[in-house]
Amino acid sequence: MPPFRFKQFSVAQDRCAMKLGTDGVLLGAWARVAPAVAILDIGTGTGVLALMAAQRNPKVVVHAVELDAAAAAQAQQNFRNSPWATRLTAIHQSLQAYCTAPLRTSYDCLISNPPYYPPQQHSAIQAPQRALARQSQALRANDLLAHAARLLQPQGWLSLILPVREHHAWLETAQNLGWWVRRHTLVCPRAGKAANRCLLEFCRYPTTTERQTLVLRQAAPTTHPHDAYTADFRTLHQDFLYFL
């Protein structure tokens with residue numbers, strides 16, 4: 001499998017169970033990464049979120065934790081081959097272990113495209129690596145949110161992408177753990193279609209919620225790939241995707 005080429009970097013993914021998809025690239029473009037000076041990418045996989053953060057914020061240092069050894073090694077390879085190798089580090093470790101390490105860093109910003117399918121769901125998934133990346137047995141919502149709170153600076157924030165059907169349970173868990181929603185963006189795959197994803201930015205202090213809807217594609221078919229996407233999508237991704 002050849003690397004996926006963005007405008008300023010490439011992502012090899014032949015050793016990763018979960019390949020690049022719309023969710024990761026969307027979160028990487030949407031998540032607020034300024035004025036952070038230290039970011040943690042939780043469950044980095046290929047490292048795409050960390051790479052996008054490094055491109056968007058020229059001063060930030062990004063650490064990326066990954067439970068799967070092969071994915072962690074591939075993320076580090078992608079970091080070494082990027083223009084921001086000195087600011088990117090992949091760590092083969094669970095979030096739980098990293099959070100309890102004596103020399104852990106405190107972060108301004110956390111980002112994650114987390115596993116969200118409940119254990120035993122989607123039993124057709126046979127590969128253990130793929131199940132680990134997609135199912136929540138290794139990192140449940142309350143674990144991620146509780147450990148994230150320990151790693152975050154008081155004025156910091158956490159950005160996630162979740163399916164609409166799952167995000168209500170995450171919101172309830174977050175509220176119970178003292179999180180507030182600062183940004184809430186529903187994502188519609190096409191004009192006229194119902195939202196199927198939700199982008200969320202959480203913080204640890206009382207705030208009002210900024211609510212938006214992002215539509216990715218035009219309703220009617222077009223003859224040119226560029227025209228298939230909405231202006232909002234093109235604005236969000238124009239620094240990354242070649243076809244925009």
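Treat the numbers as computed from the prediction; the structure is a model and nothing was measured. (Residues numbered from 1 in each chain as written. Predicted model: local features only at pLDDT ≥ 70, side-chain atom pairs only at ≥ 80, totals over all residues. Heavy atoms only, no water.)

## Here we look at the packing of helix H1 (residues 22-30) against helix H2 (residues 48-56)
Here is step 1 of the chain: Between H1 and H2, whose axes approach to 9 Å, the crossing angle comes to 25°. Taken together, the axis directions place H1 and H2 in an arrangement best described as roughly parallel. In this structure, H1 crosses over H2, and the sense of that crossing is right-handed. Judged by residue contacts, Gly24, Val25, Leu27, Gly28, Ala29 and Trp30 of H1 engage Leu49, Met52 and Arg56 from H2.
Here is step 2 of the chain: Residues of the contact of H1 with H2, tallied by class, amount to six nonpolar, two polar and one charged. (Axes fitted to C-alpha atoms, helices over the stretch in contact; angles between N-to-C directions. Helix = DSSP H or I, 4+ residues; strand = E, 2+ residues; numbered from the N terminus. Parallel < 35°, antiparallel > 145°, perpendicular 65-115°, else oblique. Left-handed = near helix turned anticlockwise from the far one by under 90°. Contact = heavy atoms within 4.5 Å. Nonpolar A, V, L, I, M, F, W, Y, C, P; charged D, E, K, R; others polar.)

## Some words on the layout of surface pockets
Here is step 1 of the chain: What the second largest pocket holds in volume is close to 360 Å³.
Here is step 2 of the chain: Lining the second largest pocket are 20 residues; nearest its centre among them are Gly21, Thr22, Asp23, Val25 and Phe233.
Here is step 3 of the chain: In terms of residue class, the lining of the second largest pocket is made up of 12 nonpolar, five polar and three charged. (1 Å grid on protein atoms, 1.4 Å probe; cavity = no way out; pocket = protein on both sides within 12 Å on 5 of 7 lines; lining within 4 Å. Points joined across faces, edges and corners; volume = space filled by probe spheres on them.)

## Points about the pattern of salt bridges
Here is step 1 of the chain: Considering all chains together, one arrives at five salt bridges under this definition.
Here is step 2 of the chain: Across the pair aspartate 23 and arginine 197 runs a salt bridge, and its minimum N-O distance is 2.8 Å. With a gap of 174 residues between them, aspartate 23 in helix H1 and arginine 197 in strand S9 (residues 197-203) connect regions that are remote in the sequence.
Here is step 3 of the chain: Between arginine 32 and glutamate 201 there is a salt bridge whose closest N-O contact spans 2.8 Å. Here arginine 32 is found in the loop between H1 and strand S3 (38-42), whereas its partner glutamate 201 is found in strand S9, with 169 residues between them in sequence. With respect to burial, arginine 32 and glutamate 201 carry one shared label: buried.
Here is step 4 of the chain: Taken together, the shared-partner salt bridges connect Arg32, Arg182, Arg183 and Glu201 into one network. (Salt bridge = Lys/Arg side-chain N within 4 Å of Asp/Glu carboxyl O. Buried < 20%, exposed > 50% of the residue type's maximum accessible area, 1.4 Å probe, protein only.)

## Some remarks on the environment of arginine 182
Here is step 1 of the chain: You can see arginine 182 is positioned in strand S8 (residues 180-190).
Here is step 2 of the chain: Overall, arginine 182 belongs to the partly exposed group, its relative accessible area being 30%.
Here is step 3 of the chain: Sequence-wise, arginine 182 and glutamate 210 are 28 residues apart; in three dimensions their C-alpha atoms are separated by 6.1 Å.

## Remarks on the pairing of S9
Here is step 1 of the chain: Among the seven residues of S9, seven are classified as buried, and the element is accordingly described as predominantly covered.
Here is step 2 of the chain: What you see with S9 is no split at all: Arg197, Leu199, Glu201 and Cys203 on one side and Cys198, Leu200 and Phe202 on the other are buried throughout.
Here is step 3 of the chain: Of the strand pairs in this sheet, strand S7 (residues 152-163) and S9 are connected by seven bridges, and their pairing is antiparallel. Paired with leucine 160 across the bridge in S9 is leucine 200.
Here is step 4 of the chain: The turn joining S8 and S9, which pair antiparallel and follow one another in sequence, is formed by six residues; a positive phi near 90° is taken by glycine 192. (Pairing = 2+ DSSP bridges.)

Any functional reading would require information beyond the geometric quantities listed.
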